[in-house]
Amino acid sequence: MTSRKRQATDSLLPVRSAKYQRTEENQGIWNRWRQLGTDAFTLGYETVRLGYLSLMNSSQNPGRSQITSQQSEKPNQTGFLPSQATHLGLPPRLSIPKEFHKPKDSQPVAGLSRLSSSLLSCSESSNALNGNGNSPPSTLTGHTSVTPVPSTSKEHIQHSQSYDFIGNSAHRRGVVGWIRPRQSRDHIYARVHRAKVQEDRKKDREELVQELFHYKRSTGYTSDFDSFKSLINYQARLEILERHALSPSPSLTDLRAKQSLPGHSRRHSFSDDVDPDFLERALRKAKKSFELPPPKPFSPSHDRLRLSARHRDEAIEKRLRPRLPKALPPDADTQVNALLCKKGVISKVARESVNDRDMSRLLPSQWLNDEIMNFYGAMILTRSESNRDPTAKRKVLDVHYFSTFFWPKLKNEGYEQGRLAKWTKKIDIFSKDIILIPINHNNSHWTGAAINFRQKRIESYDSMNLDRHQVFKALRSYLDSEHRNKRKKPFDFTRWQNHNPEDTPQQENGYDCGVFTCQFLESLSRGEEGFRFSQRDMTYLRRRMIWEIGHAKFLDGP
């Protein structure tokens, strides 16, 4: 504030300040803004008008002679030659408001020359396309979208660059849309239609599965429909893994994964989206088995009669064998329930141990993991080493058991790189009666294999009855490499055979492969030639295995 007070004679300050005076400097700023507005108006006006007229006249084909004769003509006030204006459907002289005329001494309006050349280039391209019989320029929401003909000339490249500039500028002003295809949106009933299609496909799959289940029931299938669906899904996924040699699908649970909630979640995950082609093939295969003609009658020879008598004797002997019971004795069943309630480490044998999470894998509808398989194999090996008395109630062979990690080493790394010679540093496998090998195929399916030195056979036992020629090939290679390493000479495969019995018990669901494999190996360790168990015994065998693993010994009796 000033210290001097206003005198009475001084005039009062105005409430509103005087208008801003227009000096020469301010006048120059106004002229520049006025020129900018003029350029913007002219650019927008010509873009919309010329684009519309170019669309209306795009079907015409005036030829290129009118365009090449423009060198001697002078452009009008819009920047176009008269022939160009006629070619684009414009009057030779386009009337522009007087206030927007350019001063004579000023430079041409920025963008007008580029606009004229780019529009001319686009018009030439569109007419050339229509003249050649190709598709006309596409339109987007009422606007023109022209794709120039590719050219390597310098003039055409300049025209294309200027046209991009005009298109971008016009889009930012909201005049025309981008010169690119617009993404179409889904129909309002698209989601409902997709849901209906999925529902119809699901019904078709259910009908195919029901029909296939009917054929399987007539051929001896004994499990329920839910187990059959899991079996079909399991077969489809194993077929994909075997055919394409792919890694396990994310929908298949990793057998080596740790279970977070023991006893509360299923260890297999099957969807209802089975490939209909797989169901069709399975159904045709089932129908074909019924359409086969009956065998031709024949007169049996002496050898055939002897073979038939031997088969009849084997069938009688098999009937006389005691069948597996349906349940454990009451005291053993109570002990099984107590074992399932324990926490932490439950049992140990040799170097193997199992805890409560591993034991929960033996509950119904669960896949077995490596710990259960290796523990059961360690029990077989311990029994073989400690019980070789020929007067024992159960005859036990001199066996050796490889862990579940042997097969991945042999298949993926080979004998030398996998250092498999160290696995038998303290034992001589050629002095054993039989070598037992559990195999995990693609981390999705358990099978059993054996090297039977007594019978001179390489054996494979698969509860899904799949082709396992790679098992025979790998084990033959291992035998030869091991014999060369230990005995310093090749292995003699004379009279050795690949054994894959057709009467191997088959599973009827998608999760009992581990139990079948354990029982295969246990029966082979006792010298059994056949197997007495089947799918109907799986519930009993699972609880029996819980008791045997919990006590680290095998249960006496059948």
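These notes cover the structure that comes with them. Please read all numbers here as calculations on a predicted model, not as lab measurements. (Residues numbered from 1 in each chain as written. Predicted model: local features only at pLDDT ≥ 70, side-chain atom pairs only at ≥ 80, totals over all residues. Heavy atoms only, no water.)

### Let's talk about helix 12 (residues 370-386)
Quick reminder of the rule: In this description a helix means any DSSP run of H or I spanning at least four residues, a strand means any run of E spanning at least two, and both kinds are numbered starting from the N terminus. To estimate the expected span of a helix, subtract one from its residue number and multiply by 1.5 Å. Here the term buried applies to any residue with accessible area under 20% of the maximum for its type, exposed to any over 50%, and partly exposed to those in between, with areas from a 1.4 Å probe on protein chains only.
Helix length check: helix 12 (17 residues) gives 24 Å between terminal C-alpha atoms against 24 Å at 1.5 Å per residue, within 8%. Among the 17 residues of helix 12, 13 are classified as buried, and the element is accordingly described as predominantly covered.

### Brief notes about the pairing of strand 6 (residues 434-441)
For a regular strand, side chains alternate in direction, first toward one face of the sheet and then toward the other. Where we set the bar: Following DSSP output, two strands are said to pair if at least two bridges run between them. With its strands directed away from the observer, a crossover is right-handed exactly when the path from the first strand over the helix to the second travels clockwise.
Where burial is concerned, most of strand 6 is hidden: 8 out of the 8 residues are buried. Of the two faces of strand 6, both are covered, the one formed by I434, L436, P438 and N440 as well as the one formed by I435, I437, I439 and H441. Pairing geometry for strand 5 (residues 399-401) and strand 6, over 3 bridges, is parallel. Bridge pairing in strand 6 places H400 opposite I435. Assessed by its sense of winding, the connection that carries the chain from strand 5 through helix 13 (residues 406-417) to strand 6 is right-handed. Between strand 6 and strand 7 (residues 445-452), which follow one another and run antiparallel, lie 3 residues, and N442 among them has a positive phi close to 55 degrees.

### Topic: the packing of aromatic side chains
To be explicit about the condition: Stacked, tilted and edge-to-face are the three classes assigned to paired rings of Phe, Tyr and Trp, where Trp is represented by its six-membered ring and a pair needs centres within 6.5 Å; plane angles under 30 degrees give stacked, over 60 edge-to-face, the rest tilted.
This structure, assessed with the given rule, holds 26 aromatic pairs. Judged by centre distance (5.7 Å) and plane angle (65 degrees), the rings of F406 and W423 are edge-to-face. On the criterion of sequence distance, the pair formed by F406 in helix 13 and W423 in the loop between helix 13 and strand 6 is long-range, its members being 17 residues apart. Among the residues examined, W423 registers a relative accessible area of 31% and is labelled partly exposed. Note on Y461 and F531: the rings are 5.4 Å apart at their centroids and 85 degrees apart in plane angle, and the pair reads as edge-to-face. With Y461 in strand 8 (residues 457-461) and F531 in the loop between helix 15 (513-525) and helix 16 (538-551), this residue pair connects regions lying 70 residues apart in the sequence.

### Looking at helix 15
In this model helix 15 runs 19 Å from its N-terminal to its C-terminal C-alpha over 13 residues, within 8% of the 18 Å that 1.5 Å per residue would give. The element helix 15 is extensively covered by neighbouring structure, given that 13 of its 13 residues are classed as buried.

### What about a positive patch on the surface?
Condition: Grouping into patches uses exposed residues only, defined as over 30% relative accessible area, and leaves out salt-bridged ones; the cut-off is 9 Å for like charges and 5 Å for nonpolar side chains (Val, Leu, Ile, Met, Phe, Trp, Tyr). Surface exposure here means Shrake-Rupley accessible area, sampled with a 1.4 Å probe, where a residue is shielded only by the protein chains that are shown. By convention in these notes, a salt bridge is any Lys or Arg side-chain nitrogen within 4 Å of a carboxyl oxygen on Asp or Glu. Residues scored as positive are Lys and Arg, those scored as negative are Asp and Glu, and His as well as the terminal groups of each chain are ignored. The location of each charge is read from NZ of Lys, CZ of Arg, CG of Asp or CD of Glu.
Side chains of R351, R419, K422, K425 and K426 sit close together on the surface and give a patch of like positive charge. Its location among the elements puts R351 in the loop between strand 3 (345-349) and strand 4 (352-355).

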